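The chain contents come next:
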Amino acid sequence: MKNFFNAQCMDLSHEGLGVVRKDEKPYFVFDLLPGEKGKIEVIKENKNYGYGKVVQRNNSSQYRINPLCISFGKCGGCDLCHMDYDYEADFKLKMVNETYKRIGHLDYTFKKIIKADNTSHYRNKVQIPFAFKNGKNICGFYKKQSHEIIEIRSCLLQTEITTDIAIFVKNIMNEYKINAYDECNHKGMLRHLLIRKNTFNDYMVVLIVNEYKKEDVLLLASKIKDKFPQVKSIILNINTEKNNIILGDEYEVIYGNDYLLEDILGLKFKMSHKAFFQINHDQTEKLYANALTLANINKNDTVLDLYCGVGTITLLASQKAKKAIGIEIVKEAIIDAKENAKINNIENVEFIVGKAEEKVNQIKDEIDVLIVDPPRKGLDKDLIETIKKFNINKMIYVSCDVATMARDVSLLTSDYKITDGFCVDLFPRTSNVETVICLEKK
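Residues numbered from 1 in each chain as written. Predicted model: local features only at pLDDT ≥ 70, side-chain atom pairs only at ≥ 80, totals over all residues. Heavy atoms only, no water.

(A) Molecular detail of unusual backbone geometry. Unlike most non-glycine residues, His121 shows phi in positive territory, near 55 degrees. Phi is positive for Leu265, which is not a glycine, with a value near 50 degrees. Residue position: Leu265 is located in the loop between strand E15 (259–264) and strand E16 (267–272). (Helix = DSSP H or I, 4+ residues; strand = E, 2+ residues; numbered from the N terminus.)

So, in structure tokens, the structure goes:
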């Protein structure tokens, strides 16, 4: 039996869901803004909270806009297309500050969020799942909290060419009877299509397959190359595992190079299909430029960059420093980082492969500035204790997960004080935000 109730939205959750209450119990409702009233259907119930959907909205917030994305509310890609962008940016700043107080118990308020000049078609990397369903191939994005694919017709976040390539590949596969992957029976060929682009509008297409059928792969590659002259690289990646990890370890270059060249703040970087790069180029340049300004590196400083990836921040920091050292656990990323140093004729750098919490103890140099940009899980506790012992004067913490960042900063404030910070909206129309904090030794 369906359960309905009438309520007014009082606030937004950190995911951008409207918060309403029924008998003092909070319910989180998609596509509802503060001040809006409506009829809510309960779709999931837990002991302390629930989830609902709007059946009828009785009024509209002044901050509501018509979503431009035709899949809004269906696929899990964009959450905030119904918000005015200024309101979205204010929401993210508020969310960051609330998280710092709730999780970190920190007495610090972020006052600045660097907004995006462009809020659509900004993604330079996407991973599009394929499936064989009801006798045909489909591709798109997963419905929230499921593996049900919502078929793609257009996308607000990725480039139009990216969408065109995905739909073209799907149509070719249907025409030539090449079946996509079926995760239930572990049969079929194409699992995902990974597409990257750079600022020069060069594209890389990665065919991630479960079964390597050479004739079919070469056919797809030939068709893609002929149809899209922007595609400069086509790579086959083989993943036969029964899991949700997208990329396999084995790969082969089918066409072009195994990388694209990218430009970030005047430096060139090799962008391979496995390399980590921020997905919004323009906002990344703002992020790095402002983070390095906060670091205030001088020519006598030695900089340590943990979780350095392919060396983007390390190499940018080295231009201001006496020396920059980067540590990264992914061996291929360190190989790329060393190559990127050569490409840019930068010699005052050192790159080390290994776990940050282990390798940092092997550093012989006296570190003046520490930069960390960890994955979503944040910093290892042992690493935090090691950082405290190192007696580093200044630390710049860059994070895509404000909750783990607030937790880590709280642990660091026994030895460090927060001196400055800002947010950058790298992910418009989603509830994600990048946060940067500057810590100085007490």
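So much for the structure itself; the text now carries on.
(B) Region of the structure containing the nonpolar core. Core analysis: the largest hydrophobic core is formed by 88 residues, its most contacted members being Phe130, Ile165, Val169, Leu193, Leu207 and Ile396. The greatest single-element share of this core, amounting to seven residues, is contributed by strand E12 (residues 203–209). Among residues more than four places away in sequence, those in contact with Leu193 are Val126, Gln127, Ile128, Phe130, Ile165, Ala166, Val169, Val205, Val206 and Leu207. By size, the runner-up hydrophobic cluster in this structure holds 43 residues, among which are Tyr100, Ile113, Ile352 and Ile363. (Core = buried A, V, L, I, M, F, W, Y, C linked by side-chain atoms within 4.5 Å. Buried < 20%, exposed > 50% of the residue type's maximum accessible area, 1.4 Å probe, protein only. Contact = heavy atoms within 4.5 Å.)

(C) Representation of the sheet that holds strand E10 (residues 149–151) within the structure. Taken together, seven strands build an open sheet; the order of strands is E10-E9-E8-E11-E12-E13-E14 and the sheet is mixed. In the strand order of this sheet, the two ends are held by E10 and strand E14 (250–256), each with one partner. Ignoring which end each strand starts from, the neighbouring axes of this sheet average 30 degrees apart. Across the face of the sheet, helix H2 (residues 160–175) comes into contact with strand E8 (125–133), strand E9 (136–142), E10, strand E11 (190–197), E12 and strand E13 (231–238) while running at roughly 150 degrees to E11. Each of E12, E13 and E14 is contacted by helix H3 (residues 214–227), which is oriented at about 160 degrees to E13, the strand it contacts most. (Pairing = 2+ DSSP bridges. Axes fitted to C-alpha atoms, helices over the stretch in contact; angles between N-to-C directions.)

(D) Region of the structure containing the packing of helix H8 (residues 381–390) against helix H9 (residues 402–412). Closest axis-to-axis distance for the H8/H9 pair is 10 Å, and the angle between their directions is 40 degrees. In terms of axis orientation, H8 runs oblique to H9. Judged by the sense of rotation from one axis to the other, the crossing of H8 with H9 is right-handed. Contact residues: H8 offers Ile384, Ile387 and Lys388, while H9 offers Asp408, Leu411 and Leu412. When its residues are assigned to classes, the contact of H8 with H9 shows four nonpolar, no polar and two charged. (Parallel < 35°, antiparallel > 145°, perpendicular 65-115°, else oblique. Left-handed = near helix turned anticlockwise from the far one by under 90°. Nonpolar A, V, L, I, M, F, W, Y, C, P; charged D, E, K, R; others polar.)

(E) Spatial organisation of the sheet that holds strand E19 (residues 349–353). Reading across the sheet, the eight strands line up as E7-E22-E23-E21-E20-E17-E18-E19 and stay open at both edges, with mixed pairing between neighbours. Strands at the two margins of the open sheet, each flanked by one partner only, are strand E7 (113–114) and E19. Bridge analysis of strand E18 (residues 323–328) against E19 gives five bridges, and the strand direction is parallel. Paired with Glu328 across the strands is Val353, a residue of E19. Docked against the sheet, helix H6 (residues 331–343) engages E18 and E19, running at close to 170 degrees with respect to E19.

(F) Geometry of helix H4 (residues 281–295). Between its terminal C-alpha atoms H4 stretches 21 Å, which fits the 21 Å expected from 15 residues at 1.5 Å a residue. Every buried residue belonging to H4 is among His281, Gln283, Thr284, Leu287, Tyr288, Ala291, Leu292, Leu294 and Ala295, and all of these are buried. Along H4, the residues classed as buried sweep out an arc of 160 degrees about the axis, all on the same side. Backbone geometry just after H4 places Asn296 at a positive phi near 50 degrees. (Expected span 1.5 Å × (residues − 1). Arc of directions from axis to C-beta.)

(G) Fine view of the pairing of E12. Judged by how many residues are buried, E12 sits mostly within the fold: seven of seven residues are covered. If you look at the hairpin formed by E11 and E12, you'll find five residues sitting between the two strands, and Asn201 has a positive phi there, around 60 degrees. The parallel pair E12 and E13, bridged by H3, forms a crossover whose chirality is right-handed. (Right-handed = clockwise from strand over helix to strand, strands pointing away.)

(H) Representation of the packing of helix H1 (residues 85–102) against H9. Where H1 meets H9, the closest approach of the two axes is 9 Å, and the angle between their N-to-C directions is 40 degrees. Taken together, the axes of H1 and H9 lie oblique to each other. Crossing hand, H1 versus H9: right-handed. Along its contact with H1, which presents Met95, Val96, Thr99 and Tyr100, the element H9 presents Val402, Ala403, Met405, Ala406 and Val409. Of the residues that constitute the contact of H1 with H9, the class distribution is eight nonpolar, one polar and no charged.

(I) Just the pattern of salt bridges, in detail. Taken as a whole and judged by the stated rule, the model has 28 salt bridges. Where Lys94 meets Asp11, a salt bridge forms, and the shortest distance between an N and an O atom there is 3.2 Å. In this pair, Lys94 is assigned in helix H1 and Asp11 in strand E2 (residues 11–12), connecting sequence segments 83 residues apart. The partner of Arg64 in a salt bridge is Asp31, and the shortest N-O contact between them spans 2.8 Å. Highlighted residues: Arg64 in the loop between strand E6 (50–57) and H1 and Asp31 in the loop between strand E4 (25–30) and strand E5 (37–45), separated in sequence by 33 residues. Note on Arg64: relative accessible area 18%, which makes it buried. Looking at Asp31, the relative accessible area reads 18%, which means it is buried. Connected through salt bridges with shared partners, the residues Asp31, Glu36, Arg57 and Arg64 form a single ionic network. (Salt bridge = Lys/Arg side-chain N within 4 Å of Asp/Glu carboxyl O.)

(J) Spatial organisation of H6. Between the first and last C-alpha of H6 there are 19 Å, a value that for 13 residues agrees with the 18 Å anticipated at 1.5 Å per step. Buried within H6 are the following residues: Ala333, Ile334, Asp336, Ala337, Asn340 and Ala341. All buried residues of H6 fall inside an arc of 160 degrees around its axis, so they share one side. Seen from the open side of H6, the exposed residues pointing more than 90 degrees away from its buried face are Lys331, Ile335 and Lys342. Looking at the buried positions of H6, the neighbouring elements they touch are E16, helix H5 (312–318), E18 and E19. Downstream of H6 by a residue or two, Asn345 has a phi angle that is positive, lying close to 55 degrees.

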